[in-house]
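# Inside the fold
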Amino acid sequence: MLERRVVPRAGALALIVAAAVSADAAEQRFPKPDFKSGYVQPVYHPPTPARSAVREWADVAVLAAALGAAAWLALRARSRRGLWALSVASLVWFGLVRKGCICPVGSIHNVALALVDPVYGLPLVTALIFALPLVAALLWGRVFCAAVCPLGVIQDLVVWRPVRLPTALNRALGMLGPTVLAFGIALTAAGAGFWICRYDPFVGLYRRSGPAGMIATGIGLLLIGVVVARPYCRFFCPYGVLLSWGSRLSRRHLGITPDECIQCRLCERSCPFDAIRGPEPPHVDRSAARRALVRALWAAPLFVAGAAWAGRAALDALAPVVHPAVALERELRAEDAAGTPDLTWETRVFRLSGEPRESAAAAAAAARHRLRLAGLWAGAFVGFVGAGRIVASVRRSDRREWVPDRGECLSCGRCFAHCPREYVRLGRLDGPMGNP
Amino acid sequence: MMTTNSSSAGSSNGRREFLRRGAAAAAGAVVAGLAGVAARGAVSRDGMVWQINPARCVQCGRCMTHCVLTPSAVKCVHTYAMCGYCRFCFGYFDPGAPELTTAAENQMCPTGAIRRRFIEPPYYEYSILEDLCTGCGKCVKGCNTFGNGSLQLQILHDRCVQCNECAIARRCPAQAIERVPLAKWNRMKSEFGAVPAAVWQHREPDANA
Amino acid sequence: MSADRAPIAPVLAALLRGLLFGVGFVAAVAGTIALLNCLQLRRADPLNSPLRLEAIRAAQANPSNADLVAEARRIDLLARRAFFASQMLMHRAGMLLWVGAALLLGALGGARWLEPRVAPPGSPLPSPAAGERAARAARRAVCAYLALLLAGGAAASWALRGSARSDAALRDAPPEPPGASAPEPADAPDLDPPPDAWCAFRGPFGRGGTETPAPLRWDVPAGRNVRWSVEVPRAGFSSPIVWGHRVFLTGADASVRELYAFDADTGQLLWRHEARDVPGSPATPPKTSEEVGYAAPTPTTDGRRIYALFGTGDLVACDLDGHRVWARNLGVPKNPYGHSSSPLVVRGRLIVQFDDETGGRLLALDGATGRTIWETRRTVRPGWSTPVAAVREGRIRIGVLASPVLGVYDWADGRELWRVGELEAEIGVSPAFADGRWYAGNENTRFVAVDDVDGRVLWETDEDLPDVASPLVWRGLLVLAASSGIVTARDAATGEKLWMQEWDEGFYASPVAAGDAIYLIDRGGRARVVRASREFELIADNPIGEECGATPAPVGGRLYVRTQHRLIAIEETPASSAAP
């Protein structure tokens, strides 16, 4: 029936880019044949998803169980080896088997999007994946980081010769996390996508596939992680910022030893994350400290205002890069000016849609406005956190012994595994410095 | 045995501890509230999966190149119910093909992933060899432009790792990749709606929300 | 160390550890390299390689030619094999990486277990002053971070002003305010080439002509009017350029890429500079076709330095004595036939058109340092065309042709002033500029003359267009030399066809002009000299005797011609000119 049809040449095909074909059988170009040979039409069965509702809820249950196990190992069993074994199990399960998504780190985006976009609702499983580690942090500290997070455990396993970073560098890098958090949320809220997920360094390794840059970043971070312990967790992870706040308020937190500290400082040396804080004597010069505090408080509004302005300017400038609507409008305008329509698929699809040109401009303007606003808030947040940290650094506690910093401690358990008092207390007297 | 590291007692310490408990309770309420408010409009209590809306797809070829997986989780699938069983299939044959034979230079598919089987004159059955298909969409374009459109690109859920943000969706020029509730993962082409007017528009959060 | 570990255990464990460590290290490194390599390869899709598509197209066009059909099937099979093999390899590399990492971690763990335990440090407690110092350092660090953020915001808003301006330019295309001050180097005037220099592909600014007459008649095989003829060490399709008493040329093969300087009077090779040890240069050069090679781009000079770009993306700058000033790799060109666009130096800035499969880039580099001054991204397909410069009201404009657009850019900041579209083809032809008009086009698309002010198309044609040789506009005449051997001359203002001539061999060398004469050198090595007039007049038909694809350089009364293997200087001796 088709022999008489003229074979269309390649040129003709290329011109017709997207003929809208109705799915309605009544309008089909070629009617369904009437088979005489008794041929039975097969039915295509799409392959079943790797995930199902049951599995999704099982994942949530596994996450809860892992958090509970990590808390038990860190707070009650006090077993570094147990935590290590749980880390390996988490690496295998959450990483290699479940292959990364969705993880609590990325769920920040889903929550942020659900809060600003009434069309997007957060499935309950995602909400739980976001909330469970935070609740665990409020109860027991950062046990999620200790042995559950797939991004964390892969780095924890390669810690080999950790070095201590200079205080200034450590604190400056420590500001990156809040920045990533603030701008990650800002970009999502402005409709520019999930930027934290896009720069997840290790998910490509778990999937054994991904953009070359992503895989290279992951391997590079792991190599750095041999000497600078868990660089992503300490300096980039936005979820870690939330967890550190939760951990500061935690009901219980891992301790080095319940016995009296003998101030041997082995725990301080054993901590690869520089999270053990020593005794803090009161200020030598109280009036100088007061002046520093006053200065810091005066400067705080300036920091907030300056950072807010910078954040607004940055997202405004980046708008064509980060937001598809702004990029589309720019390309449309360039094409209009040059009389060269449809250089990209995006502009071609827009023109095919028959939408008036103004609606693209309006969408771009709205996106730009939202980006500016989101940038302003994100910048202000970063400035606020910075100012807060400056004020906090003036303060002195009356601490007399060595304790983990609740915010920065990842509850990995290396400190109590090195504590001589623990060896005495537990009767393991064959040597205090058993490397875990 | 559970330690909290607050061995030194004192009224100030007690007050601090009390404040911390209060703040922790407040923070817990905030987390629960955030999750609850975020989940209020949820389409599905279970998760969502990514799916291609064939009515929007323009076969730009990015599904093959932009998936985080190699080979891509997007492949061509065949809705037999829509097929015309054409002898000259526009998805199977290259438009420049001089003869209607299975020779390499006549086939549209660069990997030969479409199998053609004679049924009765003049009808042929076409089926997709999933392992060979790269998801380039060349056959889909041919079938949609000149045929019934029974070939479509779709995300195969046994391969898809369900990234939180689908890397193809991000680069899809027609916003054809959408999140659907897990329960609706197996919709075929005829079950999707027609092309909405604003296919180009990236979904924006409502400005006055 | 506990007593229950027997003395032999450490030895055995150390051996085991060494073994594991070695195997793990090798496997992890191999896995990493293989994985990254495969990921890079993933972008080079053999199924869409031009080779395969070309073979299939050829087979479809001649279905009765059994050889072509068999060849298409063979290449198709190879492409499929390569495609699936690379996917399989990547899968294995990922596995290898994880196995290697696991072994390595095991070995590291074992090594740590065997380490001698250290004694407690017994270091003194930190002094209060040290605590305060640390707190101060922390405060300063946070302040510095916030200051950095502020600087970033300021830089972003400054950059935004630039882009807002270019948006406005695109929308309204406002006329340039006359005399608007562009950031120009203080010594700008003397950077413009002297009239007797041939300093880039097709001469200064890519104009293609010089007023000084050049020899009209010669015979290379017979040695008539040949001042010298020397062998060039390595082959290449680049054209000679001349500054002062030196002729510069590039040559390359897959392993060595070189820049040569010859004495213009004697032909003696003064120096050669090998473009090696360039940071970022690929270990294995990209594939190129035989008709492009690795030395297709012509070098360019501003009289201070000479700049040479090669098919590997390596760009070297040497002083006139052959000492390297700087070198950098612009990125390995992903180009189906190889990179051939030549750089062009204009007022101390090196303009490079770098259009490959990853998109179009137009770069301006500082000639003294090689630093990027601006970079403009363009949505174009790979191309082989060279940029051309023009001056209007004191401002320099750069015309760039790449499928599917001719774009004109501001030399000062790289913003696009206008573009003209519907020029979709595999473009090997460079644009031309004369008398306020741009000329651009290629075989298989159209050829347009465009007003420089607003990008209005003045006239267009699609007859007998070139696909390698660039157009020449000289004395109101537009000369097009096609690969088919057809040469047409049109009125540059109206497009009216004035004359047409057909020769047996096609043209790869672009036509050039010296005085009243236009030089057309065909691929077979015959040089026709025709008068630049509205009627066809052949002055001479001169044999060169060797295949020729490079554009000649008419400078100072001489004509420098590069053939496949030689560089030849042609000069009329008084004796021969007296007796023509």
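On a predicted model such as this, the values are computed, not experimentally measured, just so you know.

### Examining the overall build of chain C
A tally of regular secondary structure across chain C gives five helices and 33 strands. Within the span of chain C, comprising 580 residues, buried residues form 53% of the whole.

### Considerations on the overall build of chain A
Broken down by element type, chain A carries 21 helices and two strands. In chain A, which comprises 436 residues, the proportion classed as buried is 56%. Considering only residue pairs separated by 6 or more positions, chain A has 80% of its internal contacts joining residues 24 or more positions apart. Of the roughly 18,100 Å² of accessible surface on chain A, a fraction of 65% belongs to carbon and sulfur atoms.

### Regarding the interface of chain A and chain C
Contacts between chain A and chain C engage 68 residues on the former and 57 residues on the latter. Summing both partners gives a buried area of about 5,500 Å² for chain A against chain C, and 68% of it is carried by carbon and sulfur. On inspection of chain A and its partner chain C, the count reaches one salt bridge. We note a salt bridge from Arg396 of chain A to Glu132 of chain C, for which the minimum N-O separation is 4.0 Å. Run the count over chain A and chain C and you get four residue pairs in polar contact (both at pLDDT 80 or more). For the side of chain A that touches chain C, the leading source of residues is helix 16 (residues 286–322) of chain A, giving ten residues.

### A look at the side chain of Glu331 of chain A
If you trace the backbone, Glu331 of chain A turns up in helix 17 (residues 324–338). The charged side chain of Glu331 of chain A is buried without a salt bridge, its nearest counter-charge being Arg419 of chain C at 4.1 Å. In this structure, Glu331 of chain A is in contact with Leu343, Thr344 and Thr347 of chain A together with Thr379 and Arg419 of chain C, ignoring residues within four places of it in sequence.

### Side note on the interface of chain A and chain B
At the junction of the two partners, chain A supplies 106 residues and chain B supplies 93 residues. Both faces combined, the contact of chain A with chain B buries some 9,000 Å², and carbon together with sulfur accounts for 62% of it. Taken together, the connections running from chain A to chain B amount to two salt bridges. Taken together, the links from chain A to chain B amount to 20 residue pairs in polar contact (both at pLDDT 80 or more). Partitioning the side of chain A that touches chain B into residue classes produces 63 nonpolar, 19 polar and 24 charged.

### Some details on the sheet that holds strand 1 (residues 209–210) of chain C
Residues and elements named next belong to chain C. One open sheet holds the five strands; their spatial order is 1-27-28-29-30, and the pairing between them is mixed. Both outer strands of the open sheet, strand 1 and strand 30 (538–543), are each paired with one neighbouring strand and no more. Note that strand 27 (residues 512–514) and strand 28 (residues 517–521) share three bridges and pair antiparallel. The partner of Ala513 across the bridge, within strand 28, is Ile518.

### Topic: the confidence of the model for chain A
All names here are of chain A. Here chain A shows a mean pLDDT of 86. Residues at 70 or above account for 92%. Contacts for the low-pLDDT stretch residues 1–26, under 50 throughout, to residues beyond four places or in other chains number 40 contacts. Here residues 431–436 scores under 50 on pLDDT; set against residues more than four positions off or in separate chains, the count is 18 contacts.

### Overview of helix 12 (residues 212–225) of chain A
Helix length check: helix 12 of chain A (14 residues) gives 20 Å between terminal C-alpha atoms against 20 Å at 1.5 Å per residue, within 8%. Turning to helix 12 of chain A, its buried residues number three or more, namely Ala212, Met214, Ile215, Gly218, Ile219, Leu221, Leu222 and Gly225 of chain A.

### Overview of the nonpolar core
Residues Phe202, Leu205 and Tyr239 of chain A are the most contacted members of the largest nonpolar core, which totals 86 residues. Look past the residues within four positions of Phe202 of chain A in its chain and what remains in contact with it is Leu151, Ile154, Gln155, Gly218, Leu221, Leu222 and Tyr232 of chain A.

### Regarding the pairing of strand 5 (residues 151–155) of chain B
Residues and elements named next belong to chain B. Of all five residues in strand 5, five are buried; the element is thus mostly enclosed. Going residue by residue along strand 5, you find Leu151, Leu153 and Ile155 tucked away on one face and Gln152 and Gln154 tucked away on the opposite face as well. For strand 2 (residues 74–78) and strand 5, the ladder comprises five bridges, and the chain directions are antiparallel. Within the sheet, the bridge partner assigned to Lys75 lies in strand 5 and is Gln154.

### A word on the sheet that holds strand 14 (residues 372–378) of chain C
Residue and element names in this part refer to chain C. If you trace the four strands from one edge of the open sheet to the other, you get 11-12-13-14, paired in antiparallel fashion. At either end of the open sheet lies a strand with only one pairing partner, and these are strand 11 (344–346) and strand 14. Here the average twist between neighbouring strands, direction ignored, is 20°. Here three bridges tie strand 11 to strand 12 (residues 349–356), and the two strands are oriented antiparallel to one another.

### As for the pattern of salt bridges
Scanning the entire structure with this criterion turns up 71 salt bridges over all chains. For Arg265 of chain A, the salt bridge is made with Glu268 of chain A, and the minimal N-O distance between the two is 2.8 Å. On the basis of relative accessibility, which here comes to 12%, the residue Arg265 of chain A falls in the buried class. Note that Arg528 of chain C and Asp541 of chain C form a salt bridge whose closest N and O atoms lie 3.4 Å from each other. With a gap of 13 residues between them, Arg528 of chain C in strand 29 (residues 526–531) and Asp541 of chain C in strand 30 connect regions that are remote in the sequence. A cluster of three or more residues bridged by salt bridges with shared partners is formed by Glu329, Arg333, Glu335, Asp336, Arg351 and Arg357 of chain A.

### Focus on the pairing of strand 3 (residues 114–120) of chain B
Looking along a regular strand, one sees the side chains alternate between the two faces of the sheet. Residues and elements named next belong to chain B. Here strand 3 runs beside strand 4 (residues 123–128); their pairing, made up of six bridges, is antiparallel. Paired with Arg115 across the bridge in strand 4 is Ser127. Linkage of strand 3 to strand 4, two consecutive antiparallel strands, is achieved through a turn of two residues.

### Details of helix 14 (residues 238–248) of chain A
Residue and element names in this part refer to chain A. Burial runs high along helix 14: nine of the eleven residues are buried. If you check which residues of helix 14 are buried, you get Pro238, Tyr239, Gly240, Val241, Leu242, Leu243, Ser244, Gly246 and Ser247. In the core, the buried residues of helix 14 are packed alongside helix 4 (104–116), helix 5 (124–140), helix 6 (143–147), helix 9 (176–189), helix 10 (195–198) and helix 13 (231–236).

### Some words on unusual backbone geometry
In this structure, the amide linkage connecting Thr70 of chain B to the following residue, Pro71 of chain B, adopts the cis form with an omega of -5°. In this structure, Pro404 of chain C follows Ser403 of chain C across a cis peptide bond, with omega equal to 5°. Secondary-structure assignment places Pro404 of chain C in the loop between strand 16 (395–402) and strand 17 (405–410). Even without being a glycine, Ser411 of chain A presents a positive backbone phi close to 55°. Ser411 of chain A gets classed as buried once you look at its relative accessible area, which sits at 0%. Located in the positive-phi region is Glu422 of chain C, a residue other than glycine, with phi close to 55°. Mapped onto the secondary structure, Glu422 of chain C falls in the loop between strand 18 (416–420) and strand 19 (432–434).

### Things to note about the side chain of Asn542 of chain C
All names here are of chain C. Within the secondary structure, Asn542 sits in strand 30. At a separation of 2.9 Å, a polar atom in the side chain of Asn542 contacts the main-chain carbonyl oxygen of Leu216. A polar side-chain atom of Asn542 sits 3.2 Å from the main-chain amide nitrogen of Trp218. With residues near it in sequence (within four places) discarded, Asn542 still touches Leu216, Arg217, Trp218, Gly525, Arg526, Ala527 and Val529.

### A closer look at the packing of helix 17 of chain A against helix 19 (residues 357–394) of chain A
Angle between the axes and distance between the axes are the two parameters that describe a pair of packed helices. Residues and elements named next belong to chain A. One can describe the packing of helix 17 onto helix 19 by two numbers: an axis separation of 8 Å at closest approach and a directional angle of 135°. In terms of their interaxial angle, helix 17 and helix 19 are classed as oblique. Seen along the crossing, helix 17 lies across helix 19 with a hand that is left-handed. On helix 19, the residues touching Ala325, Val326, Glu329, Arg330, Leu332, Arg333 and Asp336 of helix 17 are Arg357, Ala360, Ala361, Ala363, Ala364, Ala367 and Arg368. A per-class count over the contact of helix 17 with helix 19 returns eight nonpolar, no polar and six charged.

The rules behind each value
- Residues numbered from 1 in each chain as written.
- Chains lettered and ligands numbered in written order.
- Predicted model: local features only at pLDDT ≥ 70, side-chain atom pairs only at ≥ 80, totals over all residues.
- Heavy atoms only, no water.
- Helix = DSSP H or I, 4+ residues; strand = E, 2+ residues; numbered from the N terminus.
- Buried < 20%, exposed > 50% of the residue type's maximum accessible area, 1.4 Å probe, protein only.
- Contact = heavy atoms within 4.5 Å.
- Areas by Shrake-Rupley, 256 points an atom, 1.4 Å probe, with all protein chains shown as cover.
- Buried area = accessible area lost by both parts, 1.4 Å probe.
- Salt bridge = Lys/Arg side-chain N within 4 Å of Asp/Glu carboxyl O.
- Polar contact = N/O pair within 3.5 Å; in protein donor to acceptor, adjacent residues only side chain to side chain.
- Lys, Arg positive; Asp, Glu negative; His and termini not counted.
- Nonpolar A, V, L, I, M, F, W, Y, C, P; charged D, E, K, R; others polar.
- Pairing = 2+ DSSP bridges.
- pLDDT = per-residue confidence, 0-100.
- Expected span 1.5 Å × (residues − 1).
- Core = buried A, V, L, I, M, F, W, Y, C linked by side-chain atoms within 4.5 Å.
- Axes fitted to C-alpha atoms, helices over the stretch in contact; angles between N-to-C directions.
- Parallel < 35°, antiparallel > 145°, perpendicular 65-115°, else oblique.
- Left-handed = near helix turned anticlockwise from the far one by under 90°.

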